[in-house]
Amino acid sequence: MAVRELYGVARIVGLDVGERRIGVAISDATGMLARPVATLRTTGLDGNALDVALAEVGRFAAEEDGVAAIVVGLPRRLDGTASAMTRRLEIFADRLGTRSARPVILQDERLTSVDAESRLATRSKDWRNRKDRLDAAAAAIILQDYLDSRPRESDQVSLDPP
């Protein structure tokens with residue numbers, strides 16, 4: 001029997017989708033921590049990006065802990081208004097949800113690449129090394145922001161007497 005069947009837990013995949021690359025992150029089965037996994041190369045949003053993302057989600061779904069949902073970073077301008085990529089990513093996320101048969105959650109991704117670059121720069125001074133890991137690190141930040149925003153059962157106070 002799989003862990004997800006015993007305990008009702010499964011991982012969440014985080015994606016930072018760009019025109020040529022997709023950063024991938026995964027949560028632990030408890031939904032507490034996100035970690036960067038990979039950066040996938042694509043031929044673009046109008047090319048094979050959807051198929052590449054589906055293959056990666058399918059790979060994680062086939063593992064013991066499975067995949068409960070997918071979080072996709074939603075690009076917006078700093079003032080919160082839609083950018084040129086916003087609608088394209090909404091369409092991508094809709095298609096991803098339909099084809100994967102999993103819920104897709106859109107998560108604000110403003111400044112995640114800047115944050116990821118800053119965090120990577122503290123560990124590696126070589127910009128070429130950081131560049132290869134930037135999209136996966138941004139995906140982990142997007143996913144962690146989502147995980148941190150969810151209410152936890154342990155955070156809720158019961159109003160019922162014991």
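Residues numbered from 1 in each chain as written. Predicted model: local features only at pLDDT ≥ 70, side-chain atom pairs only at ≥ 80, totals over all residues. Heavy atoms only, no water.

**Student:** Describe helix 3 (residues 86–100), with residues and values.
**Tutor:** If you check helix 3, its first and last C-alpha atoms are 21 Å apart, about what 15 residues at 1.5 Å a residue would give, namely 21 Å. Along helix 3, the residues classified as buried are Thr-86, Leu-89, Phe-92, Ala-93, Leu-96, Gly-97 and Ser-100. Along the axis of helix 3, the buried positions cluster into a sector of 135°, meaning they face one direction only. Opposite the buried face of helix 3, by more than 90 degrees, sit the exposed residues Arg-87, Asp-94, Arg-95, Thr-98 and Arg-99. Considering only its buried residues, helix 3 is in contact with strand 1 (11–17), helix 2 (49–61), strand 4 (67–74) and strand 5 (104–108). Positive phi appears at Ala-101, one or two residues downstream of helix 3, with a value of about 60°. (Helix = DSSP H or I, 4+ residues; strand = E, 2+ residues; numbered from the N terminus. Expected span 1.5 Å × (residues − 1). Buried < 20%, exposed > 50% of the residue type's maximum accessible area, 1.4 Å probe, protein only. Arc of directions from axis to C-beta. Contact = heavy atoms within 4.5 Å.)

**Student:** Got a sec to walk through the packing of helix 2 against helix 3? Specific residues and values, please.
**Tutor:** Put simply, helix 2 and helix 3 touch, their axes get as near as 10 Å, and they point 45° apart. Judged by the inter-axis angle, helix 2 sits oblique to helix 3. Relative to helix 3, the crossing made by helix 2 is right-handed. Mapping the contact onto sequence places Ala-49, Leu-50, Asp-51, Ala-53 and Leu-54 in helix 2 and Phe-92, Arg-95, Leu-96, Arg-99 and Ser-100 in helix 3. Its residues assigned to classes, the contact of helix 2 with helix 3 shows six nonpolar, one polar and three charged. (Axes fitted to C-alpha atoms, helices over the stretch in contact; angles between N-to-C directions. Parallel < 35°, antiparallel > 145°, perpendicular 65-115°, else oblique. Left-handed = near helix turned anticlockwise from the far one by under 90°. Nonpolar A, V, L, I, M, F, W, Y, C, P; charged D, E, K, R; others polar.)

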